[in-house]
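This is what each chain is made of:
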Amino acid sequence: MARRYAIYDVFTANRLEGNPLAVVFDSDGLSDAAMQAIAIEFNLSETVFVKPAENPAHTARLRIFTPGYELPFAGHPTVGAAVALAEAARDADGEDYDLVQMLEENVGPVRCAVRRRSPSASFAEFDMPRKSVQLNAKFDRQEIANAFSLKATQIGFENHVPTFWSAGVPFVMIPVHDVAVAGAVEFDAAIWEQITPMAEGRLASAYLYCRGGINHIARFHTRMFAPAMGIVEDPATGAAVAAFSGAIHHFDQLIDGHHPFLIEQGVEMGRPSLLHLHLDVSGGEIVTARIGGQAVKVAAGELYL
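Asks: Teacher, can you tell me more about the pattern of salt bridges here?
Replies: Side-chain pairs of opposite charge can arise where the charged atoms are in close proximity. Enumeration over the complete set of coordinates arrives at 15 salt bridges. Residue Asp9 is joined to Arg271 by a salt bridge in which the shortest nitrogen-to-oxygen separation is 3.0 Å. Of this pair, Asp9 sits in strand E1 (residues 2–10) while Arg271 sits in the loop between strand E17 (257–265) and strand E18 (273–282); the two residues are 262 residues apart in sequence, bridging distant segments of the chain. Taken individually, Asp9 and Arg271 each receive the classification buried, so the pair is uniform in this respect.

Spelled out as structure tokens, the structure:
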């Protein structure tokens, strides 16, 4: 049978930037093996499969696959799928809209708001389904530096040191001195896989960050490497930003109130992305967290499967 699909560039308003995502509609009846094979065929960092929601009050059930395995949660498939579903249902009306969706993912229900303001690219923002938690791990700066062809003195800034966090997908947070150091990285996957810890049944990915950015509005500049997922480098990673929220609060000790952050990624890949992170802090703890960004459709077609 023919199954519709679309390709969206996510966390950008510009085609051929951001993180490309395949959204496969009409996915009911596809086996896990078939979805994994399709994700390998697209060969993008993630492919999301849209199925009927198990709860009739929800919008859809999502399954998210990298070329290597299925993920319980990921940010750019959530944003991209939310925009794709909204545009498929509403864009024929030719009117601007605001709507709320409940998307079922393996991590649990994810509430997502979508805003369309023509002619701008649609924007979607989701509530983080899990709070970021710090995981136990010890790191040697020299070993980390070796994995990225850096000096040990270039790892860390201010009080920020390497730490291990997860909000559904585990990441080692690696602070580096500045944007120039981040740009000089030469990643060695073999060394990384020898030193990275495991959590939730998989090897952790690496998330490098520093303050500032190439784009003057960015608060942080980041890069993400995930060889275990079949991803050498990712241009935008919402799940990493979700985990990063815990590290930001841990090291920067955010005061009570609302804290917006713009985080850039993908610059070194020629696919710049901007990810919006909003944290609400009360009593010294993060009480709510949201991640969002724009997404724009670049292609559409059919799979004959």
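After presenting the structure, the write-up continues.
Asks: How should I be thinking about the environment of Cys112 in this particular structure?
Replies: Assignment of secondary structure puts Cys112 in strand E7 (residues 108–116). For the pair Cys112 and Gln142, spaced 30 residues apart in the sequence, the C-alpha separation amounts to 41 Å. Leave out the neighbours within four places in its chain, and Cys112 touches Thr78, Ala82, Leu99, Val100, Gln101, Leu103, Ala124, Glu125 and Phe126.

Asks: Can you help me understand the packing of aromatic side chains in this one?
Replies: The relation between two aromatic rings is expressed through the spacing of the ring centres and the mutual angle of the planes. For the coordinates displayed, the defined rule picks out 14 aromatic pairs. Measuring from ring centre to ring centre gives 5.2 Å for Tyr5 and Phe42, while their planes differ by 65°; the resulting arrangement is edge-to-face. Here Phe42 lies in helix H1 (residues 32–42) and Tyr5 lies in strand E1, a separation of 37 residues in the sequence. Given a relative accessible area of 19%, Phe42 falls into the buried group. For the ring pair Phe73 and Phe126, a centre distance of 5.7 Å and an interplane angle of 75° mean the geometry is edge-to-face. With Phe73 in the loop between strand E5 (70–71) and helix H2 (75–90) and Phe126 in strand E8 (residues 122–127), the pair connects residues that are 53 residues apart, well separated along the chain. Here Phe73 falls in the buried class, since its relative accessible area comes to 0%. Exposure remark for Phe126: the relative accessible area of 0% places this residue in the buried category. In this structure an aromatic cluster arises from ring pairing among Phe157, Phe171, Tyr207, Tyr209, Phe220, Phe244 and Phe261. Residue placement shows Arg4 over the ring face of Phe25; its charged tip is 4.6 Å from the ring centre.

Criteria and thresholds
Residues numbered from 1 in each chain as written. Predicted model: local features only at pLDDT ≥ 70, side-chain atom pairs only at ≥ 80, totals over all residues. Heavy atoms only, no water. Salt bridge = Lys/Arg side-chain N within 4 Å of Asp/Glu carboxyl O. Helix = DSSP H or I, 4+ residues; strand = E, 2+ residues; numbered from the N terminus. Buried < 20%, exposed > 50% of the residue type's maximum accessible area, 1.4 Å probe, protein only. Contact = heavy atoms within 4.5 Å. Phe/Tyr/Trp six-rings, centres within 6.5 Å; stacked < 30°, edge-to-face > 60°. Lys NZ or Arg CZ within 6 Å of the ring centre and 35° of its normal.

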